[in-house]
Amino acid sequence: FHGFKRVSRVTKENLFSIDVTTRDRSDFDRLFDAFLDGEDKVRAMIADNPQLLRATNYSGETIIHWFIVENDIEKVKLLYACGAEINPYALVEALSLGYEMMCELLLCFGVKPSIDSCMREVLNPRLPRKLRHRLRTMFKAYGYPLIQT
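Note that this is a predicted model, so its numbers are computed, not measured.

1. A word on the overall build of the protein
Right, on to step 1. Within the protein, the secondary structure is distributed over eight helices and zero strands.
Right, on to step 2. Start at the N end of the protein and walk to the C end: the helices and strands fall as α-α-α-α-α-α-α-α.
Right, on to step 3. Each of the 149 residues in the protein was classed as buried or not, and the buried ones make up 38%.
Right, on to step 4. Here the analysis covers contacts within the protein between residues at least 6 apart in sequence; of these, 56% occur between residues at least 24 apart.
Right, on to step 5. Per element, the accessible surface of the protein, about 9800 Å² overall, is 52% carbon and sulfur.

Encoded structure:
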């Protein structure tokens, strides 16, 4: 599950010899690590293997979804420009976290929101009242009025 090196059977004798630091390098991990080497490395990897954009982490998120939740606008723009697809649920998550600029970017990219899910999030009192108002105004400007019925 976590990519730890397998042993045939855990016993008292080999318990401390299990290497939990050795992980199989997933495509998600390799692409994620490429960001440490810069945008050119990321673009080159994606150009060589566009399927990397569909690779998921342990919780099923693609790399663009992960950066949306981390509110990293520049990496999201780069990945989108490279052809990454955005799951509409990522917009709901950005909304629930109060990431106003990220929500606008995703709407600008044409992500179609789940109106019911987004409505629940803009009604959530956890978000500041003025932010909720700005978010509702923004969604309305993109043709998605979040109106309580």
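Next, the rest of the story.
2. What about the nonpolar core?
Right, on to step 1. Core analysis: the biggest nonpolar cluster contains 41 residues, and I68, L79 and L106 have the highest contact counts within it.
Right, on to step 2. Put simply, the parts of the chain that give this core at least two residues each are α1 (27-34), α2 (39-48), α3 (63-69), α4 (73-81), α5 (88-96), α6 (100-108), α7 (115-122) and α8 (129-141).
Right, on to step 3. Beyond its immediate sequence surroundings of up to four residues, L79 is in contact with F35, V42, I46, L53, I63, I64, F67 and A84.

3. A closer look at the confidence of the model for the protein
Right, on to step 1. Residues at a pLDDT of 70 or more form 83% of the protein, whose mean pLDDT is 86.
Right, on to step 2. Averaged over each element, pLDDT in the protein is lowest for α1 (92) and highest for α4 (97).
Right, on to step 3. Here residues 1-7 is modelled with pLDDT under 50, and outside its nearest four sequence neighbours on either side it reaches 11 contacts, counting other chains as well.
Right, on to step 4. In this model residues 18-24 is a low-confidence stretch, pLDDT under 50, and it forms 13 contacts with partners more than four residues away in sequence or in other chains.

4. Let's talk about the environment of S114
Right, on to step 1. Note that S114 resides in the loop between α6 and α7.
Right, on to step 2. In this structure the C-alpha to C-alpha distance between S114 and Y144, which are 30 residues apart in sequence, comes to 9.5 Å.

5. Structural notes on unusual backbone geometry
Right, on to step 1. The phi dihedral of N71 falls on the positive side, at around 60°, and the residue is not glycine.
Right, on to step 2. Mapping N71 onto the fold places it in the loop between α3 and α4.
Right, on to step 3. Residue classification places N71 among the partly exposed positions, given a relative accessible area of 32%.

6. Describing the packing of aromatic side chains
Right, on to step 1. Within the structure shown, the criterion is met by six aromatic pairs.
Right, on to step 2. Judged by centre distance (4.9 Å) and plane angle (65°), the ring pair of F35 and F67 falls under edge-to-face. On the criterion of sequence distance, the pair formed by F35 in the loop between α1 and α2 and F67 in helix α3 is long-range, its members being 32 residues apart. Taken individually, F35 and F67 each receive the classification buried, so the pair is uniform in this respect.

7. What to know about the side chain of N57
Right, on to step 1. Within the element layout of this structure, N57 appears in the loop between α2 and α3.
Right, on to step 2. In this structure the side chain of N57 is engaged in a polar contact, spanning 3.1 Å, whose partner is the backbone nitrogen of S59.
Right, on to step 3. Not counting chain neighbours up to four residues away, the residues in contact with N57 comprise F28 and W66.

8. A few points about α2
Right, on to step 1. Listing the buried residues of α2 in full gives V42, M45 and I46. The buried residues of α2 occupy one face: seen down the axis, they fall within an arc of 95°. Facing away from the buried surface of α2 by more than 90 degrees, the exposed residues are D40, A47 and D48.
Right, on to step 2. Summarising the contacts, the buried residues of α2 are in contact with α1 and α4.

Cut-offs used in this document
- Residues numbered from 1 in each chain as written.
- Predicted model: local features only at pLDDT ≥ 70, side-chain atom pairs only at ≥ 80, totals over all residues.
- Heavy atoms only, no water.
- Helix = DSSP H or I, 4+ residues; strand = E, 2+ residues; numbered from the N terminus.
- Buried < 20%, exposed > 50% of the residue type's maximum accessible area, 1.4 Å probe, protein only.
- Contact = heavy atoms within 4.5 Å.
- Areas by Shrake-Rupley, 256 points an atom, 1.4 Å probe, with all protein chains shown as cover.
- Core = buried A, V, L, I, M, F, W, Y, C linked by side-chain atoms within 4.5 Å.
- pLDDT = per-residue confidence, 0-100.
- Phe/Tyr/Trp six-rings, centres within 6.5 Å; stacked < 30°, edge-to-face > 60°.
- Polar contact = N/O pair within 3.5 Å; in protein donor to acceptor, adjacent residues only side chain to side chain.
- Arc of directions from axis to C-beta.

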